[in-house]
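Per-entry structural report
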Amino acid sequence: EKTLGQAMEAAKTAAAGAFGTVYTVSDAEQNPETVRVLSQCSRVLVAERTGVSDAGSVLAMMDTAKRLGATVEGFITL
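Owing to the predicted nature of the structure, the values given are computational and were not obtained by experimental measurement.

Moving on to the layout of surface pockets. Volume-wise, the largest pocket comes out at about 970 Å³. Lining the largest pocket are 39 residues, and of these Met8, Thr24, Val25, Leu45 and Ala47 sit closest to its centre. Looking at the lining of the largest pocket, the elements with two or more residues in it are α1 (2-19), α2 (33-38), β1 (43-48) and α3 (55-67). Counting residues per element, the lining of the largest pocket draws most heavily on α1, at 8 residues. Looking at the lining of the largest pocket residue by residue, the class counts come to 21 nonpolar, 10 polar and 8 charged.

Attention now moves to the side chain of Thr64. By the element assignment, Thr64 lies in helix α3. Apart from the residues within four sequence positions on either side, Thr64 is in contact with Val35 and Leu38.

Look at α1: 25 Å from first C-alpha to last across 18 residues, which is about the 26 Å you get at 1.5 Å a residue. Once α1 finishes, Gly20 follows within two positions and takes phi at roughly 85°, a positive value.

What follows is about the confidence of the model for the protein. Looking at the protein, the pLDDT average stands at 88 and 99% of residues meet or exceed 70. When the elements of the protein are averaged for pLDDT, α1 gives the smallest value, 85, and α2 the largest, 92.

Cut-offs used in this document
- Residues numbered from 1 in each chain as written.
- Predicted model: local features only at pLDDT ≥ 70, side-chain atom pairs only at ≥ 80, totals over all residues.
- Heavy atoms only, no water.
- 1 Å grid on protein atoms, 1.4 Å probe; cavity = no way out; pocket = protein on both sides within 12 Å on 5 of 7 lines; lining within 4 Å.
- Points joined across faces, edges and corners; volume = space filled by probe spheres on them.
- Helix = DSSP H or I, 4+ residues; strand = E, 2+ residues; numbered from the N terminus.
- Nonpolar A, V, L, I, M, F, W, Y, C, P; charged D, E, K, R; others polar.
- Contact = heavy atoms within 4.5 Å.
- Expected span 1.5 Å × (residues − 1).
- pLDDT = per-residue confidence, 0-100.

And the structure:
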């Protein structure tokens, strides 16, 4: 978990250069905060974890982003 936290912080710092303000939501596909955060965003960068992220749940979260007017700009793997 410590390594994951470090990777997420590095990704957040890197994304800030391209996106400006960056919000992170852990386990976004199951987190009730996701809708609130997505409603404040126009662009989304999805961070996935190999062997952990569920493709169907990620696709559902991407659909939610689209319905809220946020564009998924890309993916990173942690």
